[in-house]
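Structural overview
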Amino acid sequence: MIRSAIIGCGSYTPEKVMKNSDFEGVVETSDEWIVQRTGIRERHIAADGETTADLGEKAARAALDDAGITVDDLDLIICATSTPNNTFPATAVEIQNRLGMHHGAAFDSQAVCSGFVFALTTADQYIKTGQAKRVLVIGAETFSRLLDWSDRSTCVLFGDGAGAVVVEGVEGEGSSADRGILTCHLRSDGAHKEKLYVDGGPSTTGTVGHLRMQGREVFRHAVGMITDVIEAAYAATGLSSADLDWFVPHQANRRIIDASARKLDIADEKVVITVDRHGNTSAASIPLALCEAVRDGRIKRGDLVLLEAMGGGFTWGAILLRW
Ligand code: ACO
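As the structure is a computational prediction, the values presented were derived from the model and not from experiment.

Right, let's talk about the sheet that holds strand β12 (residues 304-311) for a bit. Strand order in the open sheet made by the 4 strands is β8-β13-β12-β11, with mixed pairing throughout. In the strand order of this sheet, the two ends are held by β8 (180-188) and β11 (246-249), each with one partner. Neighbour-to-neighbour, the strand axes of the sheet open up by a mean angle of 10°, direction not taken into account. With 4 bridges connecting them, β11 and β12 associate as parallel partners. Following the sheet pairing, phenylalanine 247 is matched in β12 by leucine 306.

Around the ligand, a shell composed of 23 residues is seen, among which Thr29, Arg37, Arg216, His250 and Asn253 lie nearest. The side chain of tryptophan 33 places a nitrogen or oxygen atom 3.4 Å from a nitrogen atom of the ligand. Between the ligand and arginine 37 there is a distance of 2.4 Å, counted from an oxygen atom to a side-chain nitrogen or oxygen. For the ligand, whose free accessible area comes to 1,000 Å², the fraction covered by protein is 76%. Mapped by element, the contributors of at least two residues to the shell around the ligand are α1 (31-38), α5 (152-155), α6 (215-237) and α7 (254-264). Residue contributions to the shell around the ligand peak at 4 residues, all from α6. In terms of residue class, the shell around the ligand is built from 11 nonpolar, 7 polar and 5 charged. Two domains each put at least three residues into the shell around the ligand: domain 1 (2-171) and domain 2 (180-322).

This part covers the domain arrangement of the chain. Looking at the chain, the domain boundaries give domain 1 (2-171) and domain 2 (180-322). Computed over C-alpha atoms, the centres of domain 1 and domain 2 are 14 Å apart. Facing the 51 residues of domain 1 at the interface are 48 residues of domain 2. Counting each side, the surface lost to burial between domain 1 and domain 2 is near 3,800 Å², with a carbon and sulfur contribution of 67%. Per-residue buried area on domain 1 facing domain 2 is highest for Cys113, Val117 and Leu146; these three make up 16% of the total on that side. At the surface where domain 1 touches domain 2, the tally comes to 1 salt bridge.

Parameters and conventions
- Residues numbered from 1 in each chain as written.
- Predicted model: local features only at pLDDT ≥ 70, side-chain atom pairs only at ≥ 80, totals over all residues.
- Heavy atoms only, no water.
- Pairing = 2+ DSSP bridges.
- Helix = DSSP H or I, 4+ residues; strand = E, 2+ residues; numbered from the N terminus.
- Axes fitted to C-alpha atoms, helices over the stretch in contact; angles between N-to-C directions.
- Near = heavy atom within 4 Å.
- Polar contact = N/O pair within 3.5 Å; in protein donor to acceptor, adjacent residues only side chain to side chain.
- Areas by Shrake-Rupley, 256 points an atom, 1.4 Å probe, with all protein chains shown as cover.
- Nonpolar A, V, L, I, M, F, W, Y, C, P; charged D, E, K, R; others polar.
- Domains from an automatic or database assignment.
- Contact = heavy atoms within 4.5 Å.
- Buried area = accessible area lost by both parts, 1.4 Å probe.
- Salt bridge = Lys/Arg side-chain N within 4 Å of Asp/Glu carboxyl O.

Structural data, given as structure tokens:
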């Protein structure tokens, strides 16, 4: 059986760092409020003129280097983003061109904060069906461009960044000991749109719009939705939290991460946390956290890794993989 194994990863965050204290004077808030409610201390913000494709390209090049391959070895690029450079063409196609790749295909995946989980699941289907041998999956965002900087309940939560992985088809035996993606579970339910959405778009206002969120409502649904898809991943594989080596959740809010880990009985020391330094980078948050834990030696070959995300729409999903 063909499995999709991650053979390289890379990430990039813009140089400019905005600390919580930098919001004082912009909106009525404090470092103490932000840290206590979210766990966020600072986030990276793209420079003027620095775009999602710029961040994504840098992460992509790092992932290709880490995998020891070139674009000639790729069949497909999928970029998860809700902050594309242009309404079209897809940011993935722009990155494909910048990388000098003129074969194969590239497209964007739009599932907001769950975007990377949706994109990696899509890559897994291409690989398992033999449609692609190697896929570059990128999560890249400039969420700072969607924020209403006068709304203190949202502008303190988000940041900019990009992460990327190279996924390759490898032979497996069909058991949970195989290297690669073991199972993927995606969900969405548009009934929740008003709780987290952007109030603009080409077909409605003709403007980009701003992010609007009912934070308490998002919080109320998040833990239940996250645990449902993770339990589905456990049921599909016969694995459980006890078997996990690392939990790499979407980095939206420390309290959501802690509550989900507690409900699932995942020990604190198995949870990878970057939200304190990155804020919520939407589709970039999981590959940023994953790459950090791989680079610093925490995630090693053979480890069982659980990825999970939930975001606007609502969309949510989980992936269980063996590194
Ligand atoms: N600084 C100071 N006070 C603030 C701030 C701020 N930055 N933002 C809101 N407040 C105030 C509110 O105005 C309100 O004041 P009031 O009582 O005078 O009206 C008070 O704090 C409480 O507001 P709540 O919204 O009820 O605060 P809550 O405890 O729910 O925390 C938060 C808000 C952090 C947004 C929380 O609801 C949350 O984490 N929700 C999850 C949202 C999330 O993570 N979204 C990310 C995208 S979705 C995803 O990726 C999963």
